[in-house]
Amino acid sequence: MIIERIKLICISILSISDKMLPKKNRFCFFKTPRTFWDANQQALYQYVLNNTGEVVVVVDGNKLSPKRPIQSLKVVWDLMLSKVIIFDHSLLPGISSKRHIRVNLWHGTPLKKIRFHLTEQKSKIYSLRQSPYTDLLTANSNYDALLMSSAMNIPRFNVLDTGLPRNDFLLCNDSELSKLDLYGDLDKLNELKHGFDNVILWAPTFRGTPKDLIDPLELSKEEQIKLGALLEKKNSCLWIRSHKFSKLSKLGLLLAHPNVFDVSKVTNSNIILHLTDLLITDFSSIWIDFLLLDRPIIIYAKDYDAYIKQQGFILDYKEQIPVPLLDNFDVLTNTIDTELKNRHFIGYVETKNKFHHSDTSANKSELVYKAIKSYKRLPLFISK
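About the cut-offs
- Residues numbered from 1 in each chain as written.
- Predicted model: local features only at pLDDT ≥ 70, side-chain atom pairs only at ≥ 80, totals over all residues.
- Heavy atoms only, no water.
- Helix = DSSP H or I, 4+ residues; strand = E, 2+ residues; numbered from the N terminus.
- Contact = heavy atoms within 4.5 Å.
- Polar contact = N/O pair within 3.5 Å; in protein donor to acceptor, adjacent residues only side chain to side chain.
- Pairing = 2+ DSSP bridges.
- Axes fitted to C-alpha atoms, helices over the stretch in contact; angles between N-to-C directions.
- Phe/Tyr/Trp six-rings, centres within 6.5 Å; stacked < 30°, edge-to-face > 60°.
- Core = buried A, V, L, I, M, F, W, Y, C linked by side-chain atoms within 4.5 Å.
- Buried < 20%, exposed > 50% of the residue type's maximum accessible area, 1.4 Å probe, protein only.
- Patch = residues over 30% accessible without salt bridge, like charges linked within 9 Å, V, L, I, M, F, W, Y side chains within 5 Å.
- Areas by Shrake-Rupley, 256 points an atom, 1.4 Å probe, with all protein chains shown as cover.
- Salt bridge = Lys/Arg side-chain N within 4 Å of Asp/Glu carboxyl O.
- Lys, Arg positive; Asp, Glu negative; His and termini not counted.
- Charge placed at Lys NZ, Arg CZ, Asp CG, Glu CD.
- Expected span 1.5 Å × (residues − 1).

Novice: For the environment of aspartate 60, give the residues involved together with the corresponding values.
Specialist: For aspartate 60, the position within the fold is in strand β2 (residues 55-60). Linking aspartate 60 and tyrosine 300, residues 240 residues apart in sequence, is a C-alpha distance of 35 Å. Leave out the neighbours within four places in its chain, and aspartate 60 touches Lys31 and Val75. Within the local environment of aspartate 60, its side chain forms a polar contact with the backbone nitrogen of asparagine 62, the two atoms lying 2.9 Å apart.

Pasting the structure below:
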């Protein structure tokens, strides 16, 4: 109780200070504490830096620490002085001045329950605190925007259905992708895929809570051996990308296989997707981005019923996905074998049209930037 009161006092002081300080006409990209720089931010950062005359700063929330007060004050100071703040996940409570334009580049479509669809008291309090700190929110399509508006408690007219900036990594050509790559991920991944005919990406979402670090994949010794043999047969490499709130501690045998690579530390998931021929996932919305590439998708999870009880979905998940949900490992390996032969894949047209903006050119960052520049805050009370 005492700690909570101290937090509220600190937030109040921060809020008052934020409202008093002038704002510089600059774009501030904020990395939320305990997260890395999402592909959405990387894409929009590159666009703003290279194609506009804007002043750009990057503020790392991971530098916030009670043990380093001066460093922490610098983070807060840079946020408070910036007119435009681009963030993902969440923003520091107290950044409340209406002279900011706070843009939330959320990192996925909310098919599973998040924020205002969660009913635990702690989740309610967190969501109510965060909602006022978003002026604009990005989404892939009108359908996606409706889901985002509901989950984040943001008016629909403040949700941009332009498409996500990170999808520029998927829709551009290889030469353009190389220019967008901030950290040399493309070269590293091309080295991993060298000599293989196909790249399979297995990207499961996390279970439990962000603090649990649960293994999302549980494969028996026999299953790991069988999967390795299939990879050898198809001359394919398997990239495994665990969620940042997960760990891979039970796949030692598989990870030791020469065809298998852990790419969890590659922060830009969409560069990984750009090079992927076949995607395997579960309850992650990563498959929605992958729809843009018109390549095969496999949805595999043994714990569907348990996941519904633990996390839950906004809508019937099985009705949203473009393929059947598999829960048998032998069916999974057979499906992998079949899909790798599918060289003339047409794509999931109906699902793609529902989840994505009709314009599939690589200009999402430009559209989001223009929306930010044209944003006008409506007064709270409008007279007739």
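Structure shown, so let's carry the discussion forward.
Novice: Give me the side chain of serine 96: which residues, what numbers.
Specialist: Considering the arrangement of structural elements, one finds serine 96 in the loop between β3 (82-87) and β4 (101-104). Within the local environment of serine 96, its side chain forms a polar contact with the side chain of serine 15, the two groups lying 2.5 Å apart. Not counting chain neighbours up to four residues away, the residues in contact with serine 96 comprise Ser15, Asp18, Lys19, Arg102 and Tyr133.

Novice: I'd like a description of the sheet that holds strand β10 (residues 278-281), backed by residues and values.
Specialist: Two pairing modes exist for strands in a sheet, parallel and antiparallel, and in both the strands are linked by backbone hydrogen bonds. Pairing in this open sheet of six strands is parallel, and the strands run β9-β8-β7-β10-β11-β12 from one edge to the other. In this open sheet, the two strands that pair with only one neighbour each are β9 (260-262) and β12 (325-326). Direction of pairing for strand β7 (residues 198-203) relative to β10: parallel, over a ladder of four bridges. Along β10, the bridge assignment pairs isoleucine 200 with leucine 278. Packed on one face of the sheet, helix α8 (residues 185-193) meets β7, β8 (236-240) and β9 and runs near 135° to β8. Along the sheet, helix α9 (residues 221-233) contacts β7, β8 and β9; its crossing angle with β8, the most-contacted strand, is approximately 135°.

Novice: Run through the packing of aromatic side chains, naming residues and quoting values.
Specialist: Inspection of every chain in the model, using the stated rule, returns 16 aromatic pairs. When the ring of phenylalanine 196 is compared with that of phenylalanine 261, the centres are 6.4 Å apart and the planes differ by 75°; the resulting orientation is edge-to-face. Linking phenylalanine 196 in the loop between α8 and β7 with phenylalanine 261 in strand β9, this pair joins segments that are 65 residues apart in sequence. With centroids separated by 6.3 Å and ring planes inclined at 45°, the aromatic side chains of phenylalanine 283 and tyrosine 304 adopt a geometry described as tilted. Of this pair, phenylalanine 283 sits in the loop between β10 and α12 (286-290) while tyrosine 304 sits in helix α13 (residues 304-310), and the two are 21 residues apart along the sequence. Three or more aromatic residues joined by ring pairs make a cluster, and in this case those are Phe283, Tyr304, Tyr307, Phe313 and Tyr317.

Novice: Can you break down the sheet that holds strand β1 (residues 24-31) residue by residue, with the values?
Specialist: With parallel pairing, six strands are arranged side by side in an open sheet as β2-β1-β3-β4-β5-β6. On the outer flanks of this sheet lie β2 and β6 (159-160), each paired with one strand and no other. In this structure, β1 lies alongside β2, joined through six bridges in parallel fashion. Note that in β2 the partner of phenylalanine 30 across the bridge is valine 59. Set on the sheet, helix α3 (residues 69-81) makes contact with β1, β2 and β3; between it and β1 the angle comes to about 135°.

Novice: Break down the nonpolar core for me, with residues and values.
Specialist: Leu201, Trp239, Trp287 and Tyr317 are the most contacted members of the largest nonpolar core, which has 43 residues in total. With four residues, the top contributor of residues to this core is α12. Among residues more than four places away in sequence, those in contact with tyrosine 317 are Leu111, Asp282, Phe283, Ser284, Trp287, Ile299, Tyr304 and Leu325. Within the second largest apolar cluster, 22 residues are counted, among which are Trp202, Leu217, Leu231 and Ile280.

Novice: Requested: an account of a positive patch on the surface, with residues and values cited.
Specialist: Together, Lys7, Arg34, Lys122 and Lys211 give the surface a local cluster of positive charge. Of note, lysine 7 is situated in helix α1 (residues 2-20). On the basis of relative accessible area, lysine 7 is assigned to the partly exposed category, the value being 46%.

Novice: Give a description of helix α2 (residues 39-51) that names residues and reports values.
Specialist: In this model, α2 (13 residues) spans 18 Å end to end at C-alpha, consistent with the 18 Å of a helix rising 1.5 Å per residue. In terms of burial, α2 is largely enclosed, as ten of its 13 residues are buried. Inspection of α2 places Ala39, Asn40, Gln41, Gln42, Ala43, Leu44, Tyr45, Gln46, Tyr47 and Val48 among the buried residues, and these make up the whole buried set. The secondary structure elements touched by the buried residues of α2 are β1, β2, β3, α6 (168-171), α7 (174-180) and α17 (364-373).

Novice: Could you give an account of the pairing of strand β11 (residues 297-300), with specific residues and numbers?
Specialist: Side chains Ile297 and Ile299 project from β11 onto one buried face, and the interleaved Ile298 and Tyr300 project onto a second face that is buried too. With three bridges joining them, β10 and β11 adopt parallel strand pairing. For leucine 279, the partnering residue across the bridge sits in β11 and is isoleucine 297. Examined bridge by bridge, β11 and β12 share two bridges and lie parallel to one another. Bridge pairing links tyrosine 300 to leucine 326 in β12.

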